[in-house]
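# Structure at a glance
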Amino acid sequence: MGDDVAPWMTLYAEGAYNESEYIYNAGPQYMTSVNLTSDNPYLIDALGADALKDVSSVTLGTTAHDMPYRRTDNRRNVQRYTFGGEGNFQMFGKRASWSAYAQYSATRTHEQIYNVMNNAKIKNATDAVRSASGNIVCRSTLTDPSNGCSPIDWLGTGVISSDAIDYALGNPYRDEKFEEIVSGVNLSMIPFATWAGDVNVAVGGEYRDERASGYVPTAYQSGWSVGNFLPTNGGYNVKEAYLETEVPLAKGLTFNGAVRGTDYSTSGYVTTWKIGGTWQPIQDVLFRATQSRDVRAPNINELYQGGTSRTTSILDPATGATDTVLEMTTGNSKLRPEKANSTVVGSVITPRFAPGLSISVDWFHIKLKDAIQQFYSQDIVNQCYEGNQSFCSAVGPDTSGNRDLFIQASPFNFSQITTSGIDIDASYRLPVRRIFAKVPGVLTVHGQASNYLKYVADSGLSPAINTAGDITSGPPKWIYRFSATYSLPSFSVTAIARGISAGNYSNSYVQCATGCPAYNAYFPTIDKNHVKGTFYFDMNFTYKLKYQNIGNMQVFLNITNLANSKPVLVPESGLAADSTYSSLLGRTFRGGVRFEL
């Protein structure tokens, strides 16, 4: 809501609240190294004592059919409040405008995984023996009868008791709160003019403070097959000031430039800048170009993430065997801002013979230094195998015995990323009465497409590979979105088509079925490297109502993935699906009411 409190001042206030819950099946319990000693009564009953003669133990793998699947339940609520003002006044004999605002937002999250194995309890329950009375019990119960342990029979289905399941499984969780305070002031003015026209200048500043705090019960921070949540705690602040200008040099020729000073509490001061220009030789065509120096600071999770774990698998480059891995990802408080040099050259066409039509084409080239990324398990093991000892320190055995390895990963500033491509944007706005004289409304068609020509991440530790078209580790060759909207003063309907082009699972893979080269950790072989693209269709509806002396109300309905199209499956495991470009939820509906007072 807003109010004009003076001819030169409008004050406004905004508030928003959002709450969501995301529940999904996280898959079966998965163990590859269940160790049964030769005196395990379940093992003796299954194989017979004679078969176990001179055998000290048996190791097996299982998906624990009798146990419930793991289930993830993530809840989030977001609240945001903004207060500000804006207005216009006279300065240097010309119109000037100002704005100022302050915003507070808070996000609270609750992450919980149900039916997670407790490593110590699984070990106790697996180590079964017969008591003096002939009953099968946990070995630990013989010396600690009150420990609640109930033995587990891993051999067969329908054999694990509910008592054993209740004893061995738990529901780890993490609660976190992320807060952000942002304030800023802006002033734009025309201090003077050249012979070619007015010179526009804008100045301003911004302050941003971000904080994260978390809580995880000590019992849930370690000792579980997955999860092992750690709380995220930390914060930083940023102070910025900027100056921008646009100077006409001649008819149709304009220079624009900007400089910004930024002080990060975590990494110090940086300066960014931009210079560019436009040239419009005729009314229908405009050429533009910019060169800029930009930065991106690490976010809260990259800096202070306490840690989360997942189970994955890797190919051992030394043996060629597949090992299961418990991977722990944590933040890195020593990260520095990323720095990028960007070049953009393009043109905009607005032909007079087709009023309402606008087409822009831009070529871009970005070279990013000190890029914030991280190596995951397979890359870490590969680097260790190649002799990089700093990576070997992140690899060790899984002390729980449930996985082959434990690997710790965190983000860091590595060498550079180079990317280039073409952005295309086209729109056409057509009043329907031009075609049908008695039909009201406006038809707006809009299309956007990005063609990635190059995306090379060079860590300096492994071969630099162009991953454009690599669905899992690089951008697709093409990303597109097209929309068509028919709108009336009180109603609108929008149809959207979006997706990506087909590509490779990995551009580093060598596709072959026979005659494959010798194993290379950087260029492994695969029999099928092709991954299908995606195509999704969405619909949006809005209807506006106006109440006298109250304000406006808008009712909306959004349908995402109307055709319920499947996500892109990637050959990592039976449950793997691309989450960056795919719709994992299928057809979804979102409706609501917006009020403007």
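Just so you know, the residues in each chain are numbered from 1, in the order the chain's sequence is written. Local features in this predicted model are restricted to residues whose pLDDT is 70 or higher, and side-chain atom pairs enter the listing and the counts only when it is 80 or higher, whereas totals over whole chains, interfaces and linings include all residues. Side-chain numbers here rest on the full set of heavy atoms in the structure, without hydrogens or water.

On to the pattern of salt bridges, then. Salt bridges are defined as contacts in which a side-chain nitrogen from Lys or Arg sits within 4 Å of a carboxyl oxygen from Asp or Glu. Counting across every chain of the model gives 22 salt bridges. With a shortest N-O distance of 3.4 Å, Asp45 and Arg130 are connected by a salt bridge. Residue Asp45 is located in helix H1 (residues 41-47), and its partner Arg130 is located in strand S8 (residues 128-130); the two are separated by 85 residues in the primary sequence. Across the pair Arg296 and Glu302 runs a salt bridge whose closest N-O atoms are separated by 3.1 Å. The cut-offs for exposure are 20% and 50% of the maximum accessible area for each residue type, with area from a 1.4 Å probe on protein chains only; residues under the lower value are buried, those over the upper are exposed, and the others partly exposed. Residue class for Arg296 comes out partly exposed when judged on its relative accessible area of 33%. Each of Glu21, Asp73 and Arg75 takes part in a single network of salt bridges with overlapping partners. Helical segments are the DSSP runs of H or I of at least four residues, strand segments are the runs of E of at least two, and each set is numbered from the N terminus.

So, about the pairing of strand S5 (residues 70-91). Relative to S5, strand S2 (residues 9-27) runs antiparallel, the two being bridged by 17 bridges. Bridge pairing in S5 places Gly27 opposite Arg70. Pairing of S5 with strand S6 (residues 94-114) involves 21 bridges; the strand directions are antiparallel. Residue pairing for S6: Gln79 is matched across the bridge by Ala106. The loop that links S5 with its antiparallel partner S6 comprises two residues; one of these, Phe92, has a positive phi angle of about 55°. Pairing between two strands is assigned when DSSP locates at least 2 bridges connecting them.

Turning our attention to the side chain of Glu210. For Glu210, the location among the structural elements is in strand S12 (residues 197-215). The exposure class assigned to Glu210 is buried, which follows from its relative accessible area of 15%. Looking at Glu210, its side chain comes within polar contact range of the side chain of Arg208, at 3.1 Å. It only takes one pair of heavy atoms within 4.5 Å for two residues to be counted as in contact. With sequence-adjacent residues up to four places away left out, Glu210 is seen in contact with Glu179, Glu180, Gly234, Gly235, Tyr236 and Ile300. Within 3.5 Å is the distance limit for a polar contact, defined as a pair of N or O atoms, with the added protein rule that one can donate a hydrogen and the other accept it, and that residues adjacent in sequence qualify only through two side-chain atoms.

Turning our attention to the sheet that holds strand S19 (residues 322-329). Pairing is mixed in the open sheet, where five strands are placed in the order S13-S18-S19-S23-S22. Each having just a single partner strand, strand S13 (227-230) and strand S22 (395-397) make up the two edges of the open sheet. Pairs of neighbouring strands in the sheet enclose a mean axial angle of 30°, with direction left out of account. Examined bridge by bridge, S13 and strand S18 (residues 307-315) share two bridges and lie antiparallel to one another. Bridge pairing in S18 places Leu230 opposite Gly307. Note on geometry: axes are C-alpha line fits, over the in-contact stretch for helices, and angles between N-to-C directions span 0 to 180 degrees.

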